[in-house]
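# Structure assessment
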Amino acid sequence: MNSQIMEALQWRYAVKQFDTQKKVSEADWKVLAESLRLAPSSYGLQPWKFIVVQNPSLRAELRKNSWNQSQVTDCSHYVVLTTRTKMSEQDVQKYIAKISQVRGVPQESLKGYHDMMIGDVVKGPRSEIIQWWAQRQAYIAFGFLMETAALMKIDTCPIEGLEPKAYDQILKLEGTGYATVAACAVGYRHRDDKNAQAKKVRFDAQDVIEIR
Ligand SMILES: Cc1cc2nc3c(=O)[nH]c(=O)nc-3n(C[C@H](O)[C@H](O)[C@H](O)COP(=O)(O)O)c2cc1C
C-alpha cells in the first residue's frame, strides 16, 4: 500500500497536454465523483457544487477564459469547482434534515448543532467571509479528486488560470448562490506531453515539515 501511494504521488503531475482520444470510463468516473462528494467540509455543510462540463461548445467558451489552456477542451472530464457565496438558514436546515434522515434521529435533537451553525455561518462573523470560507474547503475536495485519480492512474491538471466571473456567466451561475473558484481537468496524458518527463521540484522535507 505504502509503495503504491508513493508511486502515485510521483507519477502524478499537472498535465499540460491531454490525449483527446482517451476517455475516463463511466465506472472510473463514478469513483472520482465519489472522491469529490465524500470530501470533508466545515460542519459537514458541503458548501459546493462540482459542475462537470462535457458540452464541447461550452468547453470552447471556457477555454477562451482560461488563458487558452488546451486542457480545458482536450481532457475527458472538466470539473468546475463552485462554492456558495452566502450561507442561509435554508442551507443549514437542508443539512439538518439530511442528518436526521441518514442517521435516523429526530431533527429536534439536532437543535443545538443547528443553532451553532446559524450563529456562525449565517449570522455570525463568518457570514461576512463565506466565499473565502467555502473556497478553502473546495480545495480539499480538489485534493481528494487528484489523489484518487492518481491512485487509479488517471491524470489531472488543477486550473486556477481562469476568469471566475466569465465562468459564472458562461455557466449561468449568477443568481444561483454559487460562484466559480477553480477547475480540474481529468483524463489521460498525451504521450508527447513534455511535462511528463520533468522532474518534480519540491523543497526538501526538512524545509517544509518541522517536527517539534
Ligand atoms: C491551485 C492550483 C492552480 C493551478 N493552476 C494551473 C493552471 O491554471 N494551469 C496549469 O497548467 N497548471 C496549474 N497548476 C499546476 C501547478 O503549476 C503544478 O501543480 C506545480 O507546478 C507542481 O507541479 P506538479 O503538479 O506537476 O508536480 C495549478 C496548481 C494548483 C495547486
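Here, the structure is the one placed above.
Residues numbered from 1 in each chain as written. Predicted model: local features only at pLDDT ≥ 70, side-chain atom pairs only at ≥ 80, totals over all residues.

### As for the overall build of the protein chain
Scanning the protein chain from terminus to terminus reveals nine helices and four strands. Tracing the protein chain from N to C terminus, the helices and strands come up as α-α-β-α-α-β-α-α-α-β-α-β-α. The dimensions of the protein chain, computed from C-alpha atoms along their principal axes, are 60 × 50 × 35 Å. Looking at the protein chain alone, contacts between residues at least 24 apart form 81% of all its contacts between residues at least 6 apart. (Helix = DSSP H or I, 4+ residues; strand = E, 2+ residues; numbered from the N terminus. Contact = placed C-beta atoms within 7 Å.)

### Describing the nonpolar core
Considering soluble globular proteins, one finds that nonpolar side chains tend to be buried as a cluster. Membership of the largest hydrophobic core comes to 33 residues, with the highest contact counts inside it found for L81, L145, A183, C184, A185 and V186. It is helix α7 (residues 130-151) that provides the largest number of residues to this core, a total of eight residues. The next biggest cluster of nonpolar side chains, apart from the first, holds five residues, and it includes M87, V92, M117 and V121. (Core = buried A, V, L, I, M, F, W, Y, C linked by C-beta atoms within 7 Å. Buried ≥ 20, exposed ≤ 12 C-beta atoms within 10 Å, placed from the backbone.)

### Let's talk about the site of the ligand
The environment of the ligand is formed by Y13, A14, K16, Q69, C157, P158, I159, E160, G161, A182 and K200. For the shell around the ligand, the leading source of residues is strand β3 (residues 155-159), giving three residues. In terms of residue class, the shell around the ligand is built from six nonpolar, two polar and three charged. (Near = placed C-beta within 6 Å. Nonpolar A, V, L, I, M, F, W, Y, C, P; charged D, E, K, R; others polar.)

### What to know about the environment of L32
In this structure, L32 sits in helix α2 (residues 26-37). Taking C-alpha positions, L32 is 11 Å from V79, a pair spaced 47 residues apart along the chain. Those residues within four positions of L32 in sequence are excluded, and the remaining contacts are L145, T148, A149 and V186.

### Things to note about the packing of α2 against α7
Where α2 meets α7, the closest approach of the two axes is 8 Å, and the angle between their N-to-C directions is 150°. It follows from the interaxial angle that α2 and α7 lie roughly antiparallel. In this structure, the crossing between α2 and α7 has a hand that is right-handed. For the pair α2 and α7, the contacting residues are V31, L32, S35 and L36 in the first and A141, F144, L145, T148 and A149 in the second. (Axes fitted to C-alpha atoms, helices over the stretch in contact; angles between N-to-C directions. Parallel < 35°, antiparallel > 145°, perpendicular 65-115°, else oblique. Left-handed = near helix turned anticlockwise from the far one by under 90°.)

### What about the sheet that holds strand β4 (residues 178-187)?
One open sheet accounts for four strands, arranged β1-β2-β4-β3; its pairing is antiparallel. Bordering the open sheet on either side are β1 (48-53) and β3, each of which pairs with just one other strand. With direction set aside, neighbouring strand axes in the sheet form an average angle of 25°. Here β1 pairs with strand β2 (residues 77-84) via six bridges, running antiparallel. (Pairing = 2+ DSSP bridges.)

### A few points about the packing of helix α5 (residues 89-103) against helix α6 (residues 111-122)
In contact at an axis separation of 10 Å, α5 and α6 are set at 150° when each is read in the N-to-C sense. Taken together, α5 and α6 sit at an angle that is classed as roughly antiparallel. Every pair of crossing elements has a handedness; the one defined by α5 and α6 is right-handed. Of the residues in α6, those touching α5 at E89, V92 and I96 are H114, M117, I118 and V122. Grouping the constituent residues of the contact of α5 with α6 by class yields five nonpolar, one polar and one charged.

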